[in-house]
Amino acid sequence: GNSVTQMEGPVTLSEEAFLTINCTYTATGYPSLFWYVQYPGEGLQLLLKATKADDKGSNKGFEATYRKETTSFHLEKGSVQVSDSAVYFCALYISGGSNYKLTFGKGTLLTVNP
Amino acid sequence: NAGVTQTPKFQVLKTGQSMTLQCAQDMNHEYMSWYRQDPGMGLRLIHYSVGAGITDQGEVPNGYNVSRSTTEDFPLRLLSAAPSQTSVYFCASSYNRGPREQYFGPGTRLTVT
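Chemist: Would you explain the interface of chain A and chain B in this entry?
Modeler: One frequently used descriptor of interface size is the decrease in accessible area upon assembly of the parts. Facing 19 residues of chain A, the contacting portion of chain B comprises 22 residues. The junction of chain A with chain B conceals about 1600 Å² of combined surface from both sides, 59% of it contributed by carbon and sulfur atoms. Of all residues in chain A, Leu44, Tyr100 and Lys101 of chain A give up the largest surface area on contact with chain B, accounting jointly for 33% of the area buried on that side. In this structure, glutamate 101 of chain B and lysine 49 of chain A form a salt bridge, with 2.0 Å as the shortest nitrogen-oxygen distance.

This is the structure in structure tokens:
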């Protein structure tokens, strides 16, 4: 079946540090890949996405590149801010057939200190 | 647009009680879904719907019922609440028939004592 593995948190960084959150996947097919973010006390929001190999998704300074050869979609940001403190979820979806389910990783808690 | 709305925001139930969590969206989205979020477990899909009149089970459907009589509404019914159903419940919707880009509601925090 399909699965998503994220690096376990929590991740604690100082403001302006570089962020990487690793995400790898296994899938029977050709998935679309997503990063969602959940700020404290809120629902999830789509942060960025990529739908084919070598696509780079980007938003709010965050980037992730769809690497088919390594089945990875690592999230990066060059300089984090306190406001980036949240839980980050990697997810995949394979369209077609009778599959209508988004597969999530377990989430990585990021805390950014001033 | 209000997006995806959920009510109530908080709820406390006694074991054996039933209740309905409400979810509505005003974006004319075809796909709607319910998840539960538990510490260390990520999000788990309970039920989903690809359009009015069509529903199907997700990973953890036991103890929950859904119906989709309109495009806008997708209520989740707890038939006989159990402490194991203590969780945060999220409703989500997406424009496409599948969950490519989902919009999430703010969640309902449910405690079953």
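The rest of the description comes next.
Chemist: Sorry, what's going on with the pattern of salt bridges here?
Modeler: A side chain of one charge can pair with a side chain of the opposite charge when the charged atoms of the two come close. Following the criterion strictly, the structure yields 6 salt bridges over all chains and no others. Among the salt bridges present, the one from lysine 56 of chain A reaches glutamate 63 of chain A, with a minimum N-O distance of 3.6 Å. A relative accessible area of 52% places lysine 56 of chain A in the exposed class. By relative accessible area, glutamate 63 of chain A is classed as partly exposed at 33%. Each member of the salt-bridge network shares a partner with another, and the members are Arg36, Asp38 and Arg44 of chain B.

Chemist: Help me out: how do you make sense of the side chain of glutamine 25 of chain B in this one?
Modeler: Residues and elements named next belong to chain B. Within the fold, glutamine 25 resides in strand E3 (residues 19–25). Residue classification places glutamine 25 among the buried residues on the basis of a relative accessible area of 2%. Among the polar contacts made by the side chain of glutamine 25, one reaches the main-chain carbonyl oxygen of histidine 29 at a distance of 3.0 Å.

Chemist: I tried to follow the state of the cysteines on my own but got confused; where do I start?
Modeler: Put plainly, a disulfide is one covalent bond tying together the sulfur atoms of two cysteines. One pass over the structure, following the stated rule, counts 2 disulfides over all chains. A disulfide bridge connects cysteine 23 of chain A with cysteine 90 of chain A, and the sulfur atoms are separated by 2.0 Å. Measuring handedness by torsion sign, the sulfur bridge of cysteine 23 of chain A and cysteine 90 of chain A sits at about -70 degrees and is left-handed. Taken together, the residues span a long stretch of sequence, with cysteine 23 of chain A in strand E4 (residues 23–26) and cysteine 90 of chain A in strand E10 (residues 86–93) at a distance of 67 residues. The exposure class assigned to cysteine 23 of chain A is buried, which follows from its relative accessible area of 0%. The partner cysteine of cysteine 23 of chain B in its disulfide is cysteine 91 of chain B, sulfur to sulfur 1.8 Å. The sign of the -70 degrees torsion about the S-S bond sets the cysteine 23 of chain B-cysteine 91 of chain B disulfide as left-handed. Separated by 68 residues along the polypeptide, cysteine 23 of chain B in strand E3 and cysteine 91 of chain B in strand E9 (residues 87–94) bring together distant segments of the chain.

Each value, and the rule that gives it
- Residues numbered from 1 in each chain as written.
- Chains lettered and ligands numbered in written order.
- Predicted model: local features only at pLDDT ≥ 70, side-chain atom pairs only at ≥ 80, totals over all residues.
- Heavy atoms only, no water.
- Contact = heavy atoms within 4.5 Å.
- Buried area = accessible area lost by both parts, 1.4 Å probe.
- Salt bridge = Lys/Arg side-chain N within 4 Å of Asp/Glu carboxyl O.
- Buried < 20%, exposed > 50% of the residue type's maximum accessible area, 1.4 Å probe, protein only.
- Helix = DSSP H or I, 4+ residues; strand = E, 2+ residues; numbered from the N terminus.
- Polar contact = N/O pair within 3.5 Å; in protein donor to acceptor, adjacent residues only side chain to side chain.
- Disulfide = S-S within 2.5 Å.

Worth remembering: the numbers are spatial, not functional.
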